[in-house]
Amino acid sequence: MECAICQELTITRTEQVIQQPTICNTGSQEIRDRCHCCGNESTQSIILPALPPPSPVYSSSSQSSSTSSNSSDFGGGKSGGGGAGEDW
Ligand SMILES: [Zn+2]
């Protein structure tokens, strides 16, 4: 990240989820970019897309060894969008 003020590469990005998205509602996240060189700080809030509805899993194979039915949670949830280029 390059600072827009002093052109230094001293930007520290902090991402904080304000509201977790649910299946019904979108969430929001705040991205805070702070420059250690000139102290410039800019925040932007992005909308997190709503979670996809849980899709039923059909077991095609005839094996029925496990009977646990815990719902698979989607880890991460950082599906792109928003368009902000994330280069690390
Ligand atoms: Zn700066």
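Refer to the preceding data block for the structure.
Rules of the game
- Residues numbered from 1 in each chain as written.
- Predicted model: local features only at pLDDT ≥ 70, side-chain atom pairs only at ≥ 80, totals over all residues.
- Helix = DSSP H or I, 4+ residues; strand = E, 2+ residues; numbered from the N terminus.
- Buried ≥ 20, exposed ≤ 12 C-beta atoms within 10 Å, placed from the backbone.
- Contact = placed C-beta atoms within 7 Å.
- Pairing = 2+ DSSP bridges.
- Axes fitted to C-alpha atoms, helices over the stretch in contact; angles between N-to-C directions.

A. Region of interest: the overall build of the chain. Within the chain, the regular secondary structure consists of 0 helices and 3 strands. Moving toward the C terminus, one meets the helices and strands of the chain in the order β-β-β. Of all 88 residues assigned to the chain, the portion counted as buried reaches 2%. Sequence separation of at least 24 residues holds for 42% of the intrachain contacts in the chain that already meet a minimum separation of 6.

B. Quick look at the sheet that holds strand β1 (residues 11-19). The strand order β1-β2-β3 describes an open sheet built from 3 strands, whose pairing is antiparallel. Since the sheet does not close on itself, it has two edges, and those belong to β1 and β3 (41-48), each with one partner. Neighbour to neighbour, the strand axes of the sheet diverge by 20 degrees on average, direction disregarded. Across 8 bridges, β1 lies against strand β2 (residues 27-35) in antiparallel orientation. Within the sheet, the bridge partner assigned to E15 lies in β2 and is I31.

C. Spotlight on unusual backbone geometry. Residues other than glycine seldom take positive phi values, yet Q7 does so here, at roughly 65 degrees. Looking at the element boundaries, Q7 is found in the segment before β1. Accessibility expressed as a C-beta count within 10 Å gives 11 for Q7, which makes it exposed.

D. Examining the environment of C24 more closely. With respect to the helices and strands, C24 occurs in the loop between β1 and β2. For the pair formed by C24 and L51, sequence separation is 27 residues and the distance between their alpha carbons is 7.5 Å.

E. Inspection of the environment of P53 at higher detail. Structurally, P53 is set in the segment after β3. Here P53 falls in the exposed class, since 8 other C-beta atoms lie within 10 Å of it. Taking C-alpha positions, P53 is 5.9 Å from I23, a pair spaced 30 residues apart along the chain.

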